[in-house]
Structure formats: structure tokens, C-alpha cells
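Next come the chains, spelled out residue by residue.
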Amino acid sequence: MSETDGPTSGGPDTGGVSQVSCERYLNCIAATDPAALPAAQMGFGPDAPCWQGSPETAEQCLNACQTGLKSAHMVYPDEPACFLCDDDTDCGAEEQCQAGTCKFVGCGDGIVSDDEVCDGPSCPDCHAPGLCNPLSHAGCEASEQCLRIENEFQCANMPNAPGYHEECTYDVACGAGLVCTIFDPVCGECCNKLCRTDGTANCDCSPFDPPYEYVGVCQSE
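Calculation rules
Residues numbered from 1 in each chain as written. Predicted model: local features only at pLDDT ≥ 70, side-chain atom pairs only at ≥ 80, totals over all residues. Heavy atoms only, no water. Axes fitted to C-alpha atoms, helices over the stretch in contact; angles between N-to-C directions. Helix = DSSP H or I, 4+ residues; strand = E, 2+ residues; numbered from the N terminus. Parallel < 35°, antiparallel > 145°, perpendicular 65-115°, else oblique. Left-handed = near helix turned anticlockwise from the far one by under 90°. Contact = heavy atoms within 4.5 Å. Nonpolar A, V, L, I, M, F, W, Y, C, P; charged D, E, K, R; others polar. Salt bridge = Lys/Arg side-chain N within 4 Å of Asp/Glu carboxyl O. Buried < 20%, exposed > 50% of the residue type's maximum accessible area, 1.4 Å probe, protein only. Patch = residues over 30% accessible without salt bridge, like charges linked within 9 Å, V, L, I, M, F, W, Y side chains within 5 Å. Areas by Shrake-Rupley, 256 points an atom, 1.4 Å probe, with all protein chains shown as cover. Polar contact = N/O pair within 3.5 Å; in protein donor to acceptor, adjacent residues only side chain to side chain. Disulfide = S-S within 2.5 Å.

Draft legend 1. How the structure looks around the packing of helix α1 (residues 20–32) against helix α3 (residues 55–75). Remark: α1 packs on α3, axes separated minimally by 8 Å, with the N-to-C direction vectors making an angle of 40°. The angle between the axes of α1 and α3 places the two elements in the oblique class. Here the hand of the crossing between α1 and α3 comes out left-handed. From α1, Ser-21, Cys-22, Arg-24, Tyr-25 and Cys-28 reach across to α3, where they touch Cys-61, Leu-62, Cys-65, Gln-66, Gly-68, Leu-69 and Ala-72. Here the contact of α1 with α3 is built from residues that sort into eight nonpolar, three polar and one charged.

Below you can see the structure in the form of C-alpha cells.
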């Protein structure tokens, strides 16, 4: 979040710099350590010397508040008053507010997006030969889909592949978004749905081994 964003709550000598970071920091202290609030208000409150001097002095105080807020958020990550952001507008470009923290979105954020096949230190550009995304089919040609054949995800064109809950074998791929399982209580060895393992699936999502740990198969819905 930029310190020059948002409304200015300081006096005329703050150089137009917003006090949002210090307001957040004081709210956090009020929620987590009320006994320390009076001293913090003297240092960073609306009438503190921070805002009576030069813009450079105000910037130093804002940096101190931001550092204090980040430290408090690490100690109290679930306390809303200590969140570093409330929504995406509090974050910079290409960032999103997630669990009170601004996080980079895109290649390098640790999340395999629909246009990626991997995301991590061993995959710097989020694409790698031989990998494909079973959820979006990224990495495959337009006429192909990322299917699991003989226990490996690979790009293939199989228009007559079995569908959901249809009988299958491990060496014959199920259709797009499906994988052959042997544990289904209804159909036994049959095609079941793929899912994301990030907690967004409406089923018990059992993950595959790396580098496909971001995707799993629904074991129950």
C-alpha cells in the first residue's frame, strides 16, 4: 500500500502524506495491547510531533508504523485490527489482499494459475517442457487436453474418453477434468472429478504428488 494513497488525516506540515499506516498501527495496539496505547498515541497519534515537523519526519514515522504493524501482524495474524490491508485497493499493482496481507499475483506467487503449468523456485517462468495443467489444459495444443494416462498427466486428444462415473482403467484416460479412481463407493473403478487442493473444492480433495500437488481428485462430495 502506498503511503500517499487515501485521504490525508494529518495537518498542513505532513506534506500531504497519509497517516493510514499509523492509524492502522494504533488500532492494532488498541486490540492487542491496550496498556501500550497511550504511549503509542503520544508517538504516532494525530497530535504527535511526527506531524508537526517536516515531510521527511512524517515519512520516518509512517515507516516506523508500517514496520510495527507488520511485526504485530506476524504475532497476531488472525486479528483483523492488525491486518495490513482490508481489500485489494489497499495493495499495489498486481497485488491482492489475502488474509490481511498484500500478496503478489501472477507468476512467482506460488499459486498455479490457469495460464501456468507450475509456479515455484524450480519453475521461474511458470512453464516447463513436459508439464501441463489438468484443470485448464495450459501447456497443451489447442486440439489437446491435459489428461492422466498410465498415472502421468500428458497432453492428448481423446474425444471418446469415458465421462464422469463411467468405467475406466488406469491406462485409458478419462475425459477432461476427470481421472480414473478405484475407490468410488458407487461405481468402483470409474472416472472422478479433479479439484484444486487450495481449500476451494466442495469435496475431500486428495492431492497428487509434486509437481501436481496443486490438483487432486474428489474422494467425497
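Draft legend 2. Here's a closer look at the pattern of salt bridges. One pass over the full model with this rule turns up three salt bridges. Where Arg-24 meets Asp-90, a salt bridge forms, and the shortest distance between an N and an O atom there is 3.1 Å. Note that Arg-24 is positioned in helix α1 and Asp-90 in the loop between α3 and β1 (95–98), a separation of 66 residues in sequence. On the basis of relative accessible area, Arg-24 is assigned to the buried category, the value being 12%. Note on Asp-90: relative accessible area 15%, which makes it buried. Of the charged contacts in the structure, one is a salt bridge between Asp-114 and Arg-196, with a shortest N-O distance of 3.4 Å. Of this pair, Asp-114 sits in the loop between β2 (101–104) and β3 (145–149) while Arg-196 sits in strand β6 (residues 188–196), and the two are 82 residues apart along the sequence. Connected via shared salt-bridge partners are Arg-24, Asp-86 and Asp-90.

Draft legend 3. Just the environment of Cys-203, in detail. Positionally, Cys-203 belongs in the loop between β6 and β7 (205–207). Given a relative accessible area of 15%, Cys-203 falls into the buried group. Measuring from C-alpha to C-alpha, the distance between Cys-203 and Cys-218 comes to 5.6 Å, with 15 residues separating the pair along the chain.

Draft legend 4. Broad picture of a nonpolar patch on the surface. Among the surface-exposed residues, Met-74, Val-75 and Tyr-76 lie close enough to one another that they form a single nonpolar patch of about 350 Å² accessible area. Residue position: Tyr-76 is located in the loop between α3 and β1. Residue Tyr-76 is classed as partly exposed on the basis of its relative accessible area of 36%.

Draft legend 5. Representation of the side chain of Arg-196. Within polar-contact distance, the side chain of Arg-196 engages the side chain of Asp-114 at 3.4 Å. Not counting residues up to four positions away in its chain, the partners in contact with Arg-196 are Val-112, Ser-113, Asp-114, Leu-135, Ala-201, Cys-205 and Tyr-214.

Draft legend 6. The arrangement of the state of the cysteines in detail. In the structure shown here, the tally under the stated rule is 14 disulfides. Two residues, Cys-118 and Cys-123, share a disulfide whose sulfurs are 1.8 Å apart. Looking down the S-S bond of the Cys-118 and Cys-123 bridge, the torsion is 50°, so its handedness is right-handed. Accessibility expressed as a relative area gives 6% for Cys-123, which makes it buried. Paired by a disulfide, Cys-168 and Cys-180 hold their sulfur atoms 2.0 Å apart. Measuring handedness by torsion sign, the sulfur bridge of Cys-168 and Cys-180 sits at about 90° and is right-handed. Linking Cys-168 in the loop between β4 (152–156) and β5 (178–184) with Cys-180 in strand β5, this pair joins segments that are twelve residues apart in sequence. The buried category is assigned to Cys-168, whose relative accessible area is 6%.

All we've got here are geometric facts, nothing functional implied.
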